[in-house]
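# Working through the structure, step by step
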Amino acid sequence: MSKKRKAIVLIVEGITDEIVMNPIFKLIENHELFVKVVHGDVYSNIWNQNKPSKVIVGEIMKQVKQETKFKDKDIEMVLQIIDTDGIFLKKECYIIDEEAQLDSKTYVYDLNESVIRLKTEQDKSKLNETWDRKKRLVMPLIGGITYGQSKIPFTLYYNSLNLDHVIADKILSDFEKEDSALNFIDSLNDDVKSFIHFFDEKCPYDTYSESWNKIQDDDQWSDSKSNVVFLINEVISKEKEAIGINKKLSWFVPR
């Protein structure tokens, strides 16, 4: 009887993240990959403001297990990708501009001037409150935690500002996001090595810990960055362990 494959759970904020991360499936032969779309930003959600970060992770995983019938023993690791939004930006980056051209939000990223434009102080106060809440909940997860009694490894990764900032080098309106994600996938020409290379190029850091340390004090925040390459490397590493260290995978680890 063949050994049951253990699962890797990948948590993402939205459908576009799910589309962009689809090439991950091509890296996995010896695990079962389950992508959980949470449909929003769980760490800035006001309903979660009084919950510890680990409780929020636990609630997401409860949903995962209900949907999949996984038990803790079936799960190898849990990986989550978030948008950093403006949680690490300095307060001087906020500019009140009554003439700012806004989409459906109360603010707009001006990447050319490296500022965030808002129309009122009230909007600024509300935005700061939202992002401060997200930062407070994200910080305990940086560096990794364990989930459940089985101590399943949980690791957090990021795209700077948001996904479209990384894959399109600009901020898009909501109705443009899905097309951008599909165009990104098309541009890879079904080549998983191009996928790995793209995210490697988006990471100017040598280690996972450095990627989090540097993004928290980044004067060049308008340049898109991501540490998702470390997620990719972790998946590849688990695959190599599963098939035996002396056997060769067709993929490579860029770092």
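As a reminder, the structure under discussion sits directly above these lines.
Note that the structure is a prediction, hence the values are computed from the model and not measured.

## A short note on the side chain of S224
Positionally, S224 belongs in the loop between α7 (208-215) and α8 (228-243). For S224, the side chain forms a polar contact with the side chain of K202, separated by 2.5 Å.

## Points about the environment of G144
One can find G144 in the loop between α3 (121-138) and β7 (145-147). Between the alpha carbons of G144 and L156 there is a distance of 6.6 Å; along the sequence they are 12 residues apart. When near neighbours in sequence (up to four residues on either side) are disregarded, G144 contacts F154 and Y208.

## Focus on the side chain of T84
The residue T84 is located in the loop between β3 (75-83) and β4 (94-96) in this model. Judged by its relative accessible area of 4%, T84 is buried. Among the polar contacts listed, one links the side chain of T84 to the backbone nitrogen of L161, at a separation of 2.8 Å. Discounting residues that sit within four places of it in the chain, T84 has contacts with K134, Y158, N159, S160 and L161.

## Focus: the nonpolar core
Core analysis: the biggest nonpolar cluster contains 78 residues, and Y43, I116, F195 and W212 have the highest contact counts within it. At seven residues, the largest contribution of residues to this core is made by α8. For Y43, the residues in contact, after removing those within four places along its chain, are I56, V57, Q80, I82, R133, K134, L137, V138, L141 and F154.

The rules we used
Residues numbered from 1 in each chain as written. Predicted model: local features only at pLDDT ≥ 70, side-chain atom pairs only at ≥ 80, totals over all residues. Heavy atoms only, no water. Helix = DSSP H or I, 4+ residues; strand = E, 2+ residues; numbered from the N terminus. Polar contact = N/O pair within 3.5 Å; in protein donor to acceptor, adjacent residues only side chain to side chain. Contact = heavy atoms within 4.5 Å. Buried < 20%, exposed > 50% of the residue type's maximum accessible area, 1.4 Å probe, protein only. Core = buried A, V, L, I, M, F, W, Y, C linked by side-chain atoms within 4.5 Å.

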